[in-house]
Amino acid sequence: MAVEHRLESIITTSRHKGGQLYEVEPPKELHARHLLAVLMLVVLAVSSFNGLRLVLAAGGVFWLLGWVFILCYAYVLFWLGHNVSLAGGHFAWISQLANQQWGRLAGLCIWICCILFIFPTFQSALLFLYAVNGGLIPDINAVLWGGMVCLVMATGLACIPMRYLKHILLLVAALYTGMFIAAGILGIWWVGTGHPPALEHIVWQNRVPHLPNEGAFGMIIWTLLGIETPFLLMDEVKGGVIQQRRACHFIWWGILGLAIAYTLANLGLLLIVPPRFAGEVGSFLLIFTICLGEWVGWVTLSVLVVSQVVIAAVCLLLAARMFIFMARQRLLPQKLLSLDRSGVPRYGIMVQALVTFVFLLFIYGLVPHFVLFPAAPVPGLRIYIITEAITTIIWLLPTAQLFVLVAWSMLKVEKRCQHKESYEGRAMQRGYTRWLLFGVSLVGLLLAVYGVFSTLSHSWIPDLIATPKWMCYVGLWSLIFLIVSWLCIEVPYQGRRLADLKKLITSERQLRQQLQASYHEHEFLALSQQKLLQKRDQLYCEQRLLAITDAVTGLSNHRALMMRLDAAFAYHGKQREHYALFFIDLDHFKHVNDRYGHLVGDLLLHEVGVRLARVVGDGGIVGRYGGEEFVALLWVRDFSHMREVAERLRMQIMKEPFLWRQEREPVPICLRMTVSIGVAVYPLHGTRRQELIALADRAMYRAKSSGRNCVCIVDPGERVQIAKWNGEQKSDAEEMALQALLTMLKVHNEPIYWHGQRLAVLAEAVARRLHCREEDIAHLRVAAMLHDVGKIAVPKEILFKKEPLDRSEWRQMRQHPIIGRAIMAQAGGSFSLVASIIGAHHERWDGTGYPDGLEREEIPLLARILSVVDAYDTMTSVRPYHTPKRVDEACSELVQCMGAQFDPIAVRAFLEVLSQRETEAYLQHVRMSEAVSSKQKQERGGST
């Protein structure tokens, strides 16, 4: 297991080191019509159904069985494409239904079929030329050279970029299919113009189904072979997974087109071509030559030859795509994944062309010299028919395997449905679907097995090859091709694994050397690390001390002072003791700085700090608040003790002058400084640090206004407005601005004002349920009261319109969050903290809200809470455009919109808050506010 894990890491690294080479995806250039064109080109076979005319009625029975088989196969393929894998064909489906080993075997069979399918297409083109002029193809060597020429042309076509090749495929498919349809139309026209149908001259014995005709079923399977091949191109369909799923319907259109084309073509053969030409390779050309003249026959010949070359190019492309899918699973060399600048897998196509060339030499160059075939009327005809039979058998093997796996999955689906992530559990919750798939798979399996049996046990050309020899040739060469192809894939796979193992060994050796080299450095690094740790601890202590110490006075700086005060209040709040907070300010300190300079001012501040620390001692807290202001906290017994401490502080500064000597001055400078002190008592005047500092600061300013050099204590009834928004003191201007905004909102639109007041109550309760911080709750209250302040810019005709809003009116209405956010941001100060909440209260959890299209956690939590309570109050209150809903209806609507419009956490918290008691009280508040609003409107109307 360790070796396998290590191999996986090396392979992943090697793939990423290659950069874009192995990670590039083929360009998305195709649509469903292009997949349909590929299906029609691959499946339609002109030369294959000519011989079926000889068995007529029996052929009709086997045609019916063939269509039953292909419909079963199409239904299974359609289900697999929707529920297992869209792209990859047999390899992807069997790999997921069974395992990768079986998938590799299936991919190998389909790849062999794509390669072998090329040879009948080449020889079909040559047989058409032979039918016109036998001198063009005199012997088997001419077939070999003609196949090489066709291979070169097909390889060149396959290397054309898909954005151009798809148009060629559409054009050729349309012409190719059109010939089949035209043959049937000409047959009907032929009989309609008074000509006797050739059907009358067929001997009745040939119309009766009998055992020798069973080989026709294998020929019919060959004519319908390859309907799943477009799935190898499915990942090149534009539009992503949704369009690829829709493109799967090409298979039904393809079957419809095949049925029409084959039916009409057989009809034309039966009605026009004389019985003596039945089964001839050029019988299809005779339809057009007899009805329309020789020149139309030449045009038909040209289209048929070109079509066969294009079909061979499609087979090369499909084989290269199969290699790409197998290489992605590390079953083949990663080089096969490479694409050129146009997105063409030229390397893979060249590999397929090389393999086809080798097989071509083997089949038409070596086999005729070592296998003694009787003389044939047409060069290479026996090899041509045997190759078709071999391809049919190899194709039916993975098809039968696929039917077995699907049927087995249907039997085991009950157990797999317990796993929510299984593909059956997602797609087959209804029983009839499972049993329909099971029955279809079983019928398809039986027909596939019968197809293999009929192909092996009955010669397709009994006049040229007897059935015993036919069984020997087809069975033996099928086995040989499977073995050779397996070696072609297994050898590179094992070679790649061997190369990966060598990389692993090399990597382990390099790692061992690195470990040995690093071991010698370990002791030195350990000693260096100890020294660095000691240095770090020393620097950390110094930085920590500097971070909490004022550089001038040596006392605690502002940040450290606030932290110490908070800790002291938190601890002493449980002791229920009294503590005095002294706010100390030096008198006329600016005069000292202006006259003697800031250096003298700093020395004076340092000396003041020393004296204050001397008075406070270890039992209290003292620090520099800022500038020339200091704060001290001491335990006091009563008011007399507090005054005594305050006087000691004041006298400690005043009684002794401050002396220092300047350069070149023999007489030292002597200054007497005084301080003004404001005192607040905990918990008498307040319990919070901000409140006590604000009270002491105000008392200190009263002391200064009283003549300085005195102590002033906060009056018992005095209070200071402390902002609850962000922990800082809120100015009177901000308080006045809030009242002004609320008054303006009430005058402009009173229902919106009362709506905001109701939202503030609900939003605060939900926020407390979610354990939000107090300052966040305060922000949310203000945002709830002012969330619709932007509607002052929306015309009242739109706000009170009873009919649905049109598009332009909606655009104006959706601007109100942006306008409200801008108003709050321009107001500044504490209002800027709620701007983002107001701007996002119409965003949706799924990202379809406005104005910014935020989604999930991108939306602030407070805005998500506000969105829920806003929707609830809107649904339960009277609005011009709807009647109010009951509480249970509104709650049901919120639950339905969880995960789409609203945050599920916010909705659950709101529903927990909304108990029956709170609901009744809230509705009473709604009715009262609406009654007050209507009464005030009536009073205004009466006064008017």
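Residues numbered from 1 in each chain as written. Predicted model: local features only at pLDDT ≥ 70, side-chain atom pairs only at ≥ 80, totals over all residues. Heavy atoms only, no water.

Section: the overall build of the protein chain
Note the cut-off: Labels follow the DSSP assignment, with helices taken as runs of H or I lasting at least four residues and strands as runs of E lasting at least two, numbered in each case from the N terminus. Residue exposure (1.4 Å probe, protein chains only): buried if accessible area is under 20% of the type maximum, exposed if over 50%, otherwise partly exposed. Here, two residues are considered to be in contact whenever any of their heavy atoms come within 4.5 Å of each other. The method behind every accessible area is Shrake-Rupley, applied with a 1.4 Å probe, and residues are considered shielded solely by the protein chains displayed.
Along its length, the protein chain carries 34 helices and seven strands. Here the protein chain, with 944 residues, has 51% of them falling under the buried criterion. For the protein chain, restricting intrachain contacts to residue pairs at least 6 apart in sequence, the fraction spanning at least 24 positions comes to 75%. About 45700 Å² of surface is accessible on the protein chain, with carbon and sulfur atoms providing 61% of the total.

Here we look at the confidence of the model for the protein chain
Note the threshold: Confidence of the predictor at the level of single residues is given by pLDDT, which spans 0 to 100.
Taken over all residues, the pLDDT of the protein chain has a mean of 78, while the share at 70 or more is 83%. For residues 416-429, every residue scores under 50 in pLDDT, and the model assigns this stretch 29 contacts once sequence neighbours within four places are set aside. Low pLDDT, under 50, characterises residues 717-731; the stretch is placed with 39 contacts to residues that sit more than four places away or in other chains.

Description of the nonpolar core
The following threshold applies: In this text, buried Ala, Val, Leu, Ile, Met, Phe, Trp, Tyr and Cys residues form a nonpolar core when linked through side-chain atoms within 4.5 Å.
Residues Trp111, Ile227 and Met234 are the most contacted members of the largest nonpolar core, which totals 172 residues. A total of 22 residues in this core trace back to one element, the largest contributor, which is helix H12 (residues 294-328). Among residues more than four places away in sequence, those in contact with Trp111 are Ala319, Met322, Phe323, Gln352, Val355, Ser485, Cys488 and Ile489. Listed in part, the 49 residues of the second largest apolar core include Trp754, Leu786, Ile865 and Tyr872.

Topic: the packing of aromatic side chains
Filter applied, for reference: Paired rings are identified among Phe, Tyr and Trp, the last through its six-membered ring, by centres lying within 6.5 Å, and are further divided according to the angle between planes into stacked (under 30 degrees), edge-to-face (over 60) and tilted (the rest). A positively charged side chain is recorded as over a ring if its NZ (Lys) or CZ (Arg) lies within 6 Å of the ring centre. The angle to the ring normal must also be within 35 degrees.
This structure, assessed with the given rule, holds 18 aromatic pairs. Note on Tyr73 and Trp395: the rings are 5.6 Å apart at their centroids and 80° apart in plane angle, and the pair reads as edge-to-face. Pair noted here: Tyr73 is in helix H3 (residues 56-83) and Trp395 is in helix H14 (residues 381-411), with a separation of 322 residues, a long-range link. In terms of burial, Tyr73 and Trp395 fall into one category: buried. Measuring from ring centre to ring centre gives 5.2 Å for Phe117 and Trp222, while their planes differ by 35°; the resulting arrangement is tilted. One end of the pair, Phe117, is in helix H5 (residues 100-132); the other, Trp222, is in helix H8 (residues 215-223), with 105 residues separating them in the sequence. Accessibility classification places Phe117 together with Trp222 in one group, the buried group. Linked through ring pairs, Phe69, Tyr73, Trp395 and Phe403 together constitute an aromatic cluster. Lys335 extends its terminal NZ or CZ atom over the ring of Tyr347, reaching a point 5.7 Å from the ring centre.

A short note on helix H20 (residues 589-596)
The following threshold applies: By construction, the arc corresponds to the directions joining the helix axis to the C-beta atoms.
Residues Phe589, Val592 and Asn593 constitute the buried set of H20. Angular distribution of buried residues about the axis of H20 spans 95°; they occupy a single face of the element. Turned more than 90 degrees from where H20 packs its buried face, Lys590, Asp594 and Arg595 sit exposed. Each element contacted by the buried residues of H20 is listed here: strand E1 (579-586), helix H21 (598-616) and strand E5 (669-671).

Some points on the side chain of Gln652
Note that Gln652 resides in helix H22 (residues 639-654). The residues contacting Gln652, other than those within four sequence positions of it, are Arg611, Arg614 and Val615.

Brief notes about the pairing of strand E3 (residues 629-635)
What counts, and what does not: Two strands are said to pair when DSSP picks up at least two bridges between them.
Within E3, six of the seven residues are buried, which leaves the element mostly enclosed by the surrounding structure. Relative to E3, strand E2 (residues 621-626) is paired through five bridges, and the arrangement is antiparallel. The residue bridging Val622 from the neighbouring strand is Ala632, located in E3. Hairpin connection of E2 to E3: two residues between the antiparallel strands, including Gly627 at a positive phi of 60°.

Focus: the pattern of salt bridges
For clarity, the threshold we go by: A pair is scored as a salt bridge if a Lys or Arg side-chain nitrogen falls within 4 Å of a carboxyl oxygen belonging to Asp or Glu.
This structure, assessed with the given rule, holds 19 salt bridges. The residue Arg328 makes a salt bridge to Asp235 at a minimum N-O spacing of 3.4 Å. Of this pair, Arg328 sits in helix H12 while Asp235 sits in the loop between H8 and helix H9 (240-247); the two residues are 93 residues apart in sequence, bridging distant segments of the chain. The partner of Glu607 in a salt bridge is Arg611, with the nearest N and O atoms 3.5 Å apart. Within this pair, Glu607 and its partner Arg611 are both found in helix H21, separated by four residues, close to a single helical turn. Assessed through its relative accessible area of 4%, Arg611 is described here as buried. Among the charged side chains, a salt-bridge network with shared partners connects Asp585, Asp587 and Lys704.

A word on the side chain of Thr356
Filter applied, for reference: We call two N or O atoms a polar contact when they sit within 3.5 Å, provided that within protein one can donate a hydrogen and the other can accept it, with sequence-adjacent residues counted only if both atoms are side-chain atoms.
Along the chain, Thr356 falls in helix H13 (residues 346-370). Given a relative accessible area of 0%, Thr356 falls into the buried group. From its side chain, Thr356 meets the backbone oxygen of Gln352 in a polar contact 2.7 Å long. Aside from chain neighbours lying at most four places away, what touches Thr356 is Ile115, Ile118, Phe119, Leu151 and Leu316.

Things to note about the sheet that holds E1
To summarise the sheet geometry, strands pair through backbone hydrogen bonds and adopt either a parallel or an antiparallel arrangement. Applicable threshold: Each axis is a line fitted through C-alpha atoms, taken for helices only over the stretch in contact, and angles between the N-to-C directions span 0 to 180 degrees.
Strand order in this open sheet of five strands is E2-E3-E1-E6-E7, and the pairing throughout is mixed. Looking at the sheet topology across the chains shown, the edges are occupied by E2 and strand E7 (711-713). The average undirected angle you get between the axes of adjacent strands in this sheet is 20°. Relative to strand E6 (residues 675-682), E1 runs antiparallel, the two sharing eight bridges.

Some points on the environment of Leu445
Along the chain, Leu445 turns up in helix H17 (residues 431-457). For the pair Leu445 and Val404, spaced 41 residues apart in sequence, the C-alpha separation works out to 6.9 Å. Apart from the residues lying within four places of it in its own chain, the contact partners of Leu445 are Ala400, Phe403 and Val404.

Some points on the pairing of E6
Regular strands have side chains that alternate between both faces of the sheet. Which entries qualify depends on this criterion: Here a crossover is taken to be right-handed if, once the strands point away from the viewer, the path from the first strand over the helix to the second is traced clockwise.
E6 sits mainly inside the fold: eight of its eight residues count as buried. Of the two faces of E6, the one lined by Val675, Ile677, Val679 and Val681 and the one lined by Ser676, Gly678, Ala680 and Tyr682 are each fully buried. With respect to chirality, the unit in which E6 leads through helix H23 (residues 689-705) into the neighbouring parallel E7 is left-handed.

So, the packing of helix H7 (residues 162-192) against helix H10 (residues 250-272)
Spelled out, the test is: Here the angle decides the label: under 35 degrees means roughly parallel, over 145 means roughly antiparallel, 65 to 115 means roughly perpendicular, and every other value means oblique. By convention the crossing between two helices is left-handed if the near helix lies anticlockwise of the far one by an angle smaller than a right angle, and right-handed if it lies clockwise. Only Asp, Glu, Lys and Arg are considered charged in this grouping, and only Ala, Val, Leu, Ile, Met, Phe, Trp, Tyr, Cys and Pro are considered nonpolar; every other residue, Gly among them, is considered polar.
Contact geometry for H7 and H10: axes closest at 7 Å, N-to-C directions at 40°. In this view, H7 runs oblique relative to H10, as classed from their interaxial angle. Relative to H10, the crossing made by H7 is left-handed. Of H10, the residues touching H7 (which contributes Thr177, Phe180, Ile181, Ala183, Gly184, Leu186, Gly187, Ile188, Trp190 and Val191) are Ile260, Ala261, Tyr262, Leu264, Ala265, Leu267, Gly268, Leu271 and Ile272. When grouped by side-chain class, the residues that make up the contact of H7 with H10 number 15 nonpolar, four polar and no charged.

Description of helix H2 (residues 32-43)
Going by this rule: Multiply 1.5 Å by the residue count of a helix minus one, and that product is the helix's expected span.
Taking 1.5 Å per residue as the helical rise, H2 with its 12 residues ought to reach 16 Å, and the 17 Å between its terminal C-alpha atoms agrees with that figure. H2 sits mainly inside the fold: nine of its 12 residues count as buried. The inward-facing, buried residues of H2 abut H5, H7, H8, H9, H10 and H12.

A short note on the environment of Gln308
As for its placement among the helices and strands, Gln308 is situated in helix H12. In sequence terms Gln308 and Leu126 are 182 residues apart; their C-alpha atoms lie 9.6 Å from each other. Setting aside residues no more than four positions away along its own chain, Gln308 makes contact with Thr121, Ser124, Ala125, Phe128 and Tyr176.

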